[in-house]
Amino acid sequence: MNESSTQIMQKVVDILKDKLANKVEVINISEMTIIADYFVIASGRTDSHVRALCDYVDEGVKEALDIDPLHREGIEGSKWIVLDYGSVIVHLFHNEEREFYNIEKLWAEAPRVQIED
């Protein structure tokens, strides 16, 4: 894990909390897989809220750190949007989809990162 992944993760968390995302959670997956260091998971109340959270993260990370996602997925449906920043993967869910897919349970063994309220 490197300093830039922690910086990206913290910026994403700050944006999501500022834009009233529901249940923001960070999972440190760096010791369990090589795909990334962190998953940042959050929910939105409606499709438009999820889409707006995606836009806020995309624009905020670009403005603050001059980084664009390597890949974006799910923007059309706005039920589960993934922004891949390489070392940080952001999962933005509609509330029902988050409960259904429950990726937190899939990564239950990975440590959670304490975030400030």
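Shown above is the structure to which this text applies.
Residues numbered from 1 in each chain as written. Predicted model: local features only at pLDDT ≥ 70, side-chain atom pairs only at ≥ 80, totals over all residues. Heavy atoms only, no water.

*Asks:* Got a sec to walk through the pairing of strand 4 (residues 80-84)? Specific residues and values, please.
*Replies:* Pairing between strand 3 (residues 71-73) and strand 4: three bridges, direction antiparallel. Looking at the pairing, His-71 lines up with Asp-84 of strand 4. Connecting strand 3 to the antiparallel partner strand 4 that follows it, the hairpin turn spans six residues, and Gly-74 within it adopts a positive phi of roughly 90°. Across five bridges, the pairing between strand 4 and strand 5 (residues 88-94) is antiparallel. Across the sheet, Leu-83 pairs through a bridge with Val-90, a residue of strand 5. The turn linking strand 4 back onto strand 5 is made up of three residues, and Gly-86 within it adopts a positive phi angle of 85°. (Pairing = 2+ DSSP bridges. Helix = DSSP H or I, 4+ residues; strand = E, 2+ residues; numbered from the N terminus.)

*Asks:* Help me get a handle on the sheet that holds strand 5, residues and values and all.
*Replies:* Hydrogen bonds along the backbone pair up the strands of a sheet, which may run parallel or antiparallel. Pairing is mixed in the open sheet, where six strands are placed in the order 3-4-5-2-1-6. Looking at which strands have only one partner, the edges of the open sheet turn out to be strand 3 and strand 6 (112-113). In this structure, strand 1 (residues 22-28) lies alongside strand 6, joined through two bridges in antiparallel fashion. Opposite Val-26, over in strand 6, you have Val-113 as the bridge partner.

*Asks:* Just give me the short version of the pattern of salt bridges, but keep the residues and values in it.
*Replies:* Between side chains of opposite charge, a pair can form when the charged atoms approach closely. Applying the stated rule across the entire model yields eight salt bridges. Across the pair Glu-25 and Arg-112 runs a salt bridge, and its minimum N-O distance is 2.7 Å. Taken together, the residues Glu-25 in strand 1 and Arg-112 in strand 6 connect sequence positions 87 residues apart. The partly exposed category is assigned to Arg-112, whose relative accessible area is 34%. The closest approach of N and O atoms between Asp-66 and Lys-62, which form a salt bridge, is 3.1 Å. (Salt bridge = Lys/Arg side-chain N within 4 Å of Asp/Glu carboxyl O. Buried < 20%, exposed > 50% of the residue type's maximum accessible area, 1.4 Å probe, protein only.)

*Asks:* An account of the packing of helix 1 (residues 3-18) against helix 2 (residues 47-65) is needed here, citing residue identities and associated values.
*Replies:* Where helix 1 contacts helix 2, the axes come no closer than 9 Å and their chain directions differ by 135°. As judged from the angle between their axes, helix 1 and helix 2 are oblique. In this structure, helix 1 meets helix 2 at a crossing whose hand is right-handed. Side by side, helix 1 and helix 2 meet where Gln-7, Ile-8, Lys-11, Val-12, Ile-15 and Leu-16 of the first sit next to Leu-53, Tyr-56, Val-57, Gly-60, Val-61, Ala-64 and Leu-65 of the second. For the contact of helix 1 with helix 2, the residue count by class is ten nonpolar, two polar and one charged. (Axes fitted to C-alpha atoms, helices over the stretch in contact; angles between N-to-C directions. Parallel < 35°, antiparallel > 145°, perpendicular 65-115°, else oblique. Left-handed = near helix turned anticlockwise from the far one by under 90°. Contact = heavy atoms within 4.5 Å. Nonpolar A, V, L, I, M, F, W, Y, C, P; charged D, E, K, R; others polar.)

*Asks:* Which residues make up the nonpolar core, and what values do they have?
*Replies:* The nonpolar side chains of a soluble globular protein tend to be buried with one another. By size, the foremost hydrophobic cluster in this structure holds 24 residues, and its most contacted members are Leu-16, Val-40 and Leu-92. Counting residues per element, the ones that place at least two in this core are helix 1, strand 1, strand 2 (38-44), helix 2, strand 4 and strand 5. For this core, the leading source of residues is helix 1, giving six residues. Not counting residues within four places of it along the chain, the set of residues in contact with Leu-16 comprises Ala-21, Val-24, Val-40, Ala-42, Leu-53, Val-57 and Leu-92. Membership of the second largest hydrophobic core comes to eleven residues, among which are Ile-29, Phe-39, Ile-41 and Phe-93. (Core = buried A, V, L, I, M, F, W, Y, C linked by side-chain atoms within 4.5 Å.)

Remember that the coordinates give geometry; whether it matters functionally is a separate question.
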